[in-house]
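Secondary and tertiary structure notes
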Amino acid sequence: MTLLKKNFSHVDILINNAGISYFGLLQDMDFSSWNEIINTNLSSIFLTSKRAIPNMLSQKSGVIINMSSIWGNFGSSFEVAYSASKGGINSFTKALSKELLPSNIRVNAISPGIVDTDMTKLDLTEDDKKSLKEDLIEKRFAKSEEIANLVEFLISDKGSYITGSIFDINGGFY
């Protein structure tokens, strides 16, 4: 954070977007893998927010966006740790937004469905992708740009009245 303040003087926006997954049965997962998912997906949000918040408090403004997942709302078989970490992000977001609201700091989360990313390409077979697309009204995965458009809105003045919300952007996947 010292380097950040030296180079940029203040923090206006924090976007927490780290994420890894583990695909397999919980009984086959070791505790080290569990910790890696929780640390990367959830604990990292705690750490980066903890570092950015003092600066935002001194400015009496700021925006924090946490990237969650549809699986944080619904859970996914074979992705228990990932689902738990993303559900934790949702609760973290709601609680932190209440804590920071008096200081004019907005905290929201975006909960995408399946996005066409490198992680999706590595985690899913072509048959998996085809099957999942059939469950979507749009019959396709989200593009990264579509998620970025929502981020852009939430960090702008147009989103100034929005805090403590979890935004589903999932192509009609329910």
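This structure is a prediction, so every number in the text was calculated from the model and none was measured.

1. Some thoughts on the overall build of the protein
Assigned secondary structure in the protein consists of seven helices and four strands. Start at the N end of the protein and walk to the C end: the helices and strands fall as α-β-α-β-α-α-β-α-α-α-β. Its C-alpha atoms give the protein a radius of gyration of 17 Å, within 12% of the compact-globule value 16 Å for 174 residues. Overall, the C-alpha framework of the protein stretches about 50 × 35 × 30 Å when taken along its three principal axes. A total of 174 residues make up the protein; the buried ones form 39% of that total. Side chains of the protein carry 17 positive and 20 negative charges; the gap between the two charge centres is 10 Å.

2. Considering a nonpolar patch on the surface
Among the surface-exposed residues, F23, L25 and F78 lie close enough to one another that they form a single nonpolar patch of about 280 Å² accessible area. You can see F78 is positioned in the loop between helix 3 (70–74) and helix 4 (80–100). For F78, a relative accessible area of 39% corresponds to the partly exposed category.

3. A look at the environment of N17
When you line up the elements, N17 lands in the loop between strand 1 (13–16) and helix 2 (31–59). Taking relative accessible area as the criterion, N17 reaches 54% and is therefore assigned exposed.

The rules behind these values
Residues numbered from 1 in each chain as written. Predicted model: local features only at pLDDT ≥ 70, side-chain atom pairs only at ≥ 80, totals over all residues. Heavy atoms only, no water. Helix = DSSP H or I, 4+ residues; strand = E, 2+ residues; numbered from the N terminus. Rg over C-alpha atoms; globule rule 2.2 N^0.38 Å. Buried < 20%, exposed > 50% of the residue type's maximum accessible area, 1.4 Å probe, protein only. Lys, Arg positive; Asp, Glu negative; His and termini not counted. Charge placed at Lys NZ, Arg CZ, Asp CG, Glu CD. Patch = residues over 30% accessible without salt bridge, like charges linked within 9 Å, V, L, I, M, F, W, Y side chains within 5 Å. Areas by Shrake-Rupley, 256 points an atom, 1.4 Å probe, with all protein chains shown as cover. Salt bridge = Lys/Arg side-chain N within 4 Å of Asp/Glu carboxyl O.

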